[in-house]
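Here is how the chains run, residue by residue.
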Amino acid sequence: MDRLLLLTTLIAAGLIVTVLVSLRRAHIRVEYSVSWLIAAVILLLLAQLPEPLRWFASWAGIQDPPTVLLFLVAGVFLVVFYRFSIIISHLRDANIALAQRVAILEFRLENVEDGRL
Amino acid sequence: MTPSAPVHPLLEAGRALILIPARNEEEAIGGVVDEVYALFGKIPVLVIDDGSHDSTAAIVKGRGARVLRLPHHLGLGGALQAGYRLAFELGFEYVVRIDGDGQHDPRFITDMINAVAQPGVQMVIGSRFVASDDGYTSFLRGLGIRLFRAFLRPILGKPVRDPTSGYVAVNREALEVFSKSFPLEYPEIEALVVLRRRAFHFIEVPVSIRPRRAGRSTITALKSVYYLVHVMLGVLVNILIFDRRRWR
Ligand SMILES: Nc1nc2c(ncn2[C@@H]2O[C@H](COP(=O)(O)OP(=O)(O)O)[C@@H](O)[C@H]2O)c(=O)[nH]1
Ligand SMILES: [Mg+2]
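The structure displayed is predicted, hence computed values, not measured ones. (Residues numbered from 1 in each chain as written. Chains lettered and ligands numbered in written order. Predicted model: local features only at pLDDT ≥ 70, side-chain atom pairs only at ≥ 80, totals over all residues. Heavy atoms only, no water.)

Novice: An account of the coordination of the magnesium ion (ligand 2) is requested, with residue identities and associated values reported.
Specialist: The reference angle at a metal is 109.5 degrees if four donors form a tetrahedron and 90 or 180 degrees if six donors form an octahedron. Taken together, the protein donors to the magnesium ion (ligand 2) comprise Asp101 of chain B (OD) and Gln103 of chain B (OE1), at separations of 1.8 to 2.0 Å. Across the pair, exposure class does not vary: aspartate 101 of chain B and glutamine 103 of chain B are buried alike. (Donors = N, O, S within 2.8 Å, 3.2 Å for Na, K, Ca; no water. Buried < 20%, exposed > 50% of the residue type's maximum accessible area, 1.4 Å probe, protein only.)

Novice: Can you lay out the pattern of salt bridges for me, pointing to particular residues and giving the numbers?
Specialist: For the structure on display, the rule yields 14 salt bridges over all chains. Ionic pairing is found between glutamate 89 of chain B and arginine 108 of chain A, a salt bridge with its closest N-O pair at 3.8 Å. Highlighted residues: glutamate 89 of chain B in helix 4 (residues 76-89) and arginine 108 of chain A in helix 4 (residues 65-110), drawn from two different chains. Taking the relative accessible area as the measure of exposure, glutamate 89 of chain B reaches 30% and is therefore partly exposed. Take arginine 108 of chain A: its relative accessible area is 35%, and that puts it in the partly exposed class. (Salt bridge = Lys/Arg side-chain N within 4 Å of Asp/Glu carboxyl O. Helix = DSSP H or I, 4+ residues; strand = E, 2+ residues; numbered from the N terminus.)

Novice: Give me the lowdown on the interface of chain A and chain B, citing residues and values where you can.
Specialist: Listed by partner, the interface residues are 19 residues for chain A and 22 residues for chain B. Taking both sides of the interface into account, the surface hidden between chain A and chain B amounts to around 1900 Å²; carbon and sulfur atoms contribute 57%. Taken together, chain A and chain B are joined by two salt bridges. Scanning the region where chain A abuts chain B turns up seven residue pairs in polar contact (both at pLDDT 80 or more). (Contact = heavy atoms within 4.5 Å. Buried area = accessible area lost by both parts, 1.4 Å probe. Polar contact = N/O pair within 3.5 Å; in protein donor to acceptor, adjacent residues only side chain to side chain.)

Novice: Which residues make up the confidence of the model for chain B, and what values do they have?
Specialist: Taken over all residues, the pLDDT of chain B has a mean of 88, while the share at 70 or more is 89%. For this predicted complex, the interface score ipTM comes out at 0.86, while the overall pTM is 0.86. (pLDDT = per-residue confidence, 0-100.)

Novice: Outline the side chain of serine 179 of chain B, listing residues and values.
Specialist: All names here are of chain B. Mapped onto the fold, serine 179 is located in helix 7 (residues 172-180). Relative accessible area serves as the criterion here: at 5%, serine 179 is assigned to the buried category. Within the structure, the side chain of serine 179 is placed 2.8 Å from the backbone oxygen of glutamate 176, a separation counted as a polar contact.

Novice: So what's going on with the layout of surface pockets? Residues and values would help.
Specialist: Considered as a void within the structure, the second largest pocket measures approximately 1000 Å³ in volume. Around the second largest pocket, the lining is made up of 31 residues, and of these Asp93 of chain A together with Phe182, Pro183, Leu184 and Glu190 of chain B lie nearest the centre. Elements represented by at least two residues in the lining of the second largest pocket include exactly helix 4 of chain A together with helix 4, helix 8 (187-196) and helix 9 (221-247) of chain B. Among the elements that make up the lining of the second largest pocket, the one with the highest residue count is helix 9 of chain B (nine residues). Of the residues that constitute the lining of the second largest pocket, the class distribution is 13 nonpolar, nine polar and nine charged. (1 Å grid on protein atoms, 1.4 Å probe; cavity = no way out; pocket = protein on both sides within 12 Å on 5 of 7 lines; lining within 4 Å. Points joined across faces, edges and corners; volume = space filled by probe spheres on them. Nonpolar A, V, L, I, M, F, W, Y, C, P; charged D, E, K, R; others polar.)

Novice: Which residues make up the packing of aromatic side chains, and what values go with them?
Specialist: Throughout the structure, instances matching the rule amount to 12 aromatic pairs over all chains. Between tyrosine 186 of chain B and tyrosine 226 of chain B, the ring centres sit 6.3 Å apart and the planes meet at 75°, which makes this aromatic pair edge-to-face. Highlighted residues: tyrosine 186 of chain B in the loop between helix 7 and helix 8 and tyrosine 226 of chain B in helix 9, separated in sequence by 40 residues. For the pair tyrosine 186 of chain B and tyrosine 227 of chain B, a centre-to-centre distance of 4.8 Å together with 70° between the ring planes defines the contact as edge-to-face. With tyrosine 186 of chain B in the loop between helix 7 and helix 8 and tyrosine 227 of chain B in helix 9, the pair connects residues that are 41 residues apart, well separated along the chain. Here the aromatic residues Tyr32, Trp36, Phe77, Phe81 and Phe84 of chain A are joined through ring pairs into a cluster of three or more. Sitting over the ring of phenylalanine 202 of chain B, lysine 158 of chain B keeps its end group 4.4 Å from the ring centre. (Phe/Tyr/Trp six-rings, centres within 6.5 Å; stacked < 30°, edge-to-face > 60°. Lys NZ or Arg CZ within 6 Å of the ring centre and 35° of its normal.)

Novice: Summarise empty space enclosed by the protein; cite the residues concerned and give the values.
Specialist: All names here are of chain B. Counting across every chain of the model gives two cavities of 30 Å³ or more. In this structure, the largest cavity encloses a volume near 100 Å³. Surrounding the largest cavity, 15 residues form its lining, Met123, Ser165, Val168, Glu188 and Ala191 being those nearest its centre. Looking at the lining of the largest cavity, the elements that each hand over two or more residues are helix 4, strand 5 (123-127) and helix 8. Here the lining of the largest cavity takes four residues from helix 8, the largest share from any one element. In terms of residue class, the lining of the largest cavity is made up of 11 nonpolar, one polar and three charged.

Novice: Before we move on, could you go through unusual backbone geometry and cite the residues and values that matter?
Specialist: All names here are of chain B. A positive phi angle is found at asparagine 24, which is not glycine, with a value near 50°. Along the chain, the position of asparagine 24 falls in the loop between strand 1 (16-22) and helix 2 (29-40). The residue alanine 199 is not glycine, and still its phi comes out positive at about 60°. Examined against the element boundaries, alanine 199 turns out to sit in the loop between helix 8 and strand 7 (202-206).

If you want it as structure tokens, here you go:
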């Protein structure tokens, strides 16, 4: 359990450092870094406070606290990934509408003289 | 170019548009445009070039037809919607979609326009199977089409023989709907549901399908299962969205 908590701490710290470096280099936009930072902080808290983990384990009827940790970690990342799927879907919709508009405007510019086909 | 036979007055008057989606069809597209012009004279033809890597656009322009060039690849539904949008903005009253691979004989365009110009008909499907069940392109596709028929019948409230056909004519009412909301991937079946949800009516007229002039179909056996699931999910989502809106 202790090793696992240490490992989780390291991963969370690594994630935070990675996100901050990416932010500094402008590789990631601030609004998309927030999800990752929140996820990292949650991991960090989980690793620092084994008591709630044990409590949650007994409540859920799971004998093994590390299993609970893995379970929660998976949950945190699931939320982040799902959020990104939603963001990507919005971007794709906007991108398609934009591409269609650009194509139509370009067409109309090229064919101003006749107006019709 | 003089047409080889009397031309439908709606076509002759420039009130109908022939819409052709194309992606990398340089080997077939020229022949398709030639054939349309040979049959009907120089009627409005618009090819939607969906980010082709070949000379599709140049060949079409060389024939004197118009090209709507998308800045990057959108997929069949996104490309068609762009075409329907432009057609609607340009004021066309009827749009007939045919494939750019030469599989749809343009001879049937006249039948399609006659059918879609009837009152109370918003869309016409050029159907391979009105008369018989022969002519499935492949075993798997035949199976898929049977499945779709059974699935769609209760949703559409009437049987549809060839729901995946890309040989489709619409009037201006349906054109307006398609210009605003058209399914993005594998659009044919979902488009039927979109119209049905607005209480529009479609009919099927018989057409015959030819083998591809060149290239390969984009629908491979491997993709078929994905296609099946995707389309059915799309249809269900369509119904759910509509019903929610209706209760608001
Ligand atoms: N705009 C656009 N057209 C496409 C795309 N994929 C296929 N098409 C066109 O859609 C038509 C039908 O495609 P095809 O692969 O022959 O499908 P099938 O006839 O149903 O097997 C042809 O004119 C293709 O050029 C695409 O991604 N974008
Ligand atoms: Mg084809």
